[in-house]
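Structural characterization, general
Each chain, written out:
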Amino acid sequence: MTITDEYLDEVTDRGPRASEVRTSMLDDVAGTWYQTGYLSRPIFLARAGFRQLAADLDVLVTAILDLPQRFYGGDIEACARAVGLVGPQVEAVVRSSSPAPSRLARADLYQDESGFRLIEMNMGSNLGGLDNAVLNEAMLKTPFIADFAARHELTYVDTMVELARSILIECGVPPDTRPFMAAVDYPPRYPSLESMLERSAAAFGPLGIDCRPAPLDRLAYHDDAVWLDDQRVDIVYRLFHLEDVQQPGFSELLEPLLRAIERDQVRMFTALDSDMYGSKGALTLLSDEAHRSRYSNEELASLDRLVPWTRTVRPGMVMVDGHRVHLVDYAVANQSELVLKPTAEHGGQGVVLGWMVDASTWRDRLHDALDQPYVVQRRIHPTLEQFPTDDGVEPWLMTWGAFTLATGFGGFWMRGSRDLDGGVVNMATGATAMCCFHQT
């Protein structure tokens, strides 16, 4: 019997109603990203599964960050172009990159019958869900859940605490120093997020970092420093995306910040190369059988567990399960088992699920993607999680968001959907958040 089975049995016999659990959390999630909805119980992960996943993620992140060195002799520009970046994106990545790229990442995963499988790797400081521990803390205020967690030795990692530690480590902040950090976003997007960003920025205060949010165009550059109003900025916490660089006028806004970084007048967390490492094109290098000789047997074991078959969309032959096939022919014939994804978009933008469109649409989108920055990836068939309702239980499809940071494993952010066919699951399209408790 799994931990989840035990929980469902116990909550049915003597636990609170699902509506009571959700109501008890209202005050704790008010004003957060999660106030629009959350599920009726935590997700649980047993000791063996947690250990394996944490170890595999460490290998995966290390392998991704080593791509420029292992494939391109350390040439960041060549790596950026290879994974699908173009024009000003490449220049911004090269100019802001650091010798030691950030380990801040969120692996989005499904769990199938064999274990965890990677949907996509998200890297960089613009990740969602970093304040997920709000949900853990709110859940533990229900005595039934707190008692269950204690009896089963369940715990959680506070991602914000580990994030603050990682910022101090990766930005080289001297001990006993309290830096000032500006959390900076793309100006047109900033107004709609300002109130939530202010709450998130305030959370850094007790963790040793003074932080204020601002649009990029509010920064000033003078006296050999970067300023937000009258405060000298030590760290720019980057909320904007690499894809924003292609928006009209954004390169001009970014230019003085890039110069300040090059002159060592400010640190940026994270550098724009994080978005390069989070490109879906990076997974094609890890998935391709032609590159297996570059990795040890131990690395291959981890990568094979996590990374599904992924290839760049272009004409020609590819390997599939040990056989050479023509990519386009294979993709057309196996439509229901494949996903088409742009390499550098986020939030599910541009994704085409083969089993959700007709054959004509799939062929058209596939041919449109040829020699464009797109990948095709094998479908994952996830297992479903059962959640209590006031009348019984109902199945949900869960996306596991697993964080890594400079300090190691960084916690979970769970998102659920009632679209059980495996549609794109994110908060912008109506996903419902939840937390995870795991055994260590």
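These numbers were taken from a predicted model, which means no experiment stands behind them.

1. What to know about the overall build of the protein chain
Of regular secondary structure, the protein chain possesses 17 helices and 22 strands. Referenced to the eigenvectors of the C-alpha coordinate spread, the extents of the protein chain come out at roughly 65 × 60 × 40 Å. Sorting the 440 residues of the protein chain into buried and exposed places 53% on the buried side. A separation of at least 24 residues holds for 73% of the contacts in the protein chain among residues at least 6 apart in sequence. Of the charged side chains in the protein chain, 39 are positive and 63 negative, and the gap between their average positions amounts to 2 Å.

2. Considering the nonpolar core
Membership of the largest hydrophobic core comes to 119 residues, with the highest contact counts inside it found for Leu60, Leu163, Ile167, Phe204, Tyr237, Trp400 and Phe412. Ranked by the residues each element gives to this core, the list is headed by helix α4 (residues 47–65), at eight residues. In this view, Ile167 contacts Met181, Phe204, Ile209, Ile235, Tyr237 and Phe269; residues no more than four positions away in its chain are not counted. Ranked by size, the runner-up nonpolar core spans 17 residues in total, among them Val318, Val320, Leu338 and Leu370.

3. Remarks on the sheet that holds strand β12 (residues 310–312)
Across the sheet, four strands lie side by side as β12-β17-β15-β16; this open sheet has antiparallel pairing. The sheet terminates laterally at β12 and β16 (352–353), the two strands that pair on one side only. In this structure, β12 lies alongside strand β17 (residues 374–378), joined through three bridges in antiparallel fashion. Considered in β17, the bridge of Thr310 is made with Gln377. On top of the sheet, helix α14 (residues 280–287) reaches β12, β15 (338–342) and β17; it is set at about 115° to β12, its chief contact. Strands in contact with helix α17 (residues 359–369) are β15, β16 and β17; relative to β15, the strand with the most contacts, it is inclined by about 40°.

What counts as what
Sequence order as written defines the numbering, with residues in each chain counted from 1. Totals for whole chains, interfaces and linings use every residue, but because this is a predicted model, local features are given only for residues with pLDDT of at least 70 and side-chain atom pairs only at 80 or more, for both listing and counting. Each side-chain value is derived from all of the structure's non-hydrogen atoms; neither hydrogens nor water enter the calculation. Only runs of H or I of at least four residues qualify as helices and only runs of E of at least two qualify as strands under DSSP, and these elements are numbered from the N terminus. Burial classes: relative accessible area under 20% of the type maximum marks a residue as buried, over 50% as exposed, and values in between as partly exposed (1.4 Å probe, protein chains only). Should any heavy atoms of two residues lie within 4.5 Å, those residues are considered in contact. The positive count covers Lys and Arg only, the negative count covers Asp and Glu only, and His and the chain ends enter neither. Charged side chains are reduced to one point each, which is NZ for Lys, CZ for Arg, CG for Asp and CD for Glu. Buried residues of nine kinds, namely Ala, Val, Leu, Ile, Met, Phe, Trp, Tyr and Cys, make up a nonpolar core once their side-chain atoms join them within 4.5 Å. At least two DSSP bridges between two strands are required for those strands to pair. Only the stretch in contact is used when a helix axis is fitted, and all axes are lines through C-alpha atoms; the angle between N-to-C directions ranges over 0 to 180 degrees.

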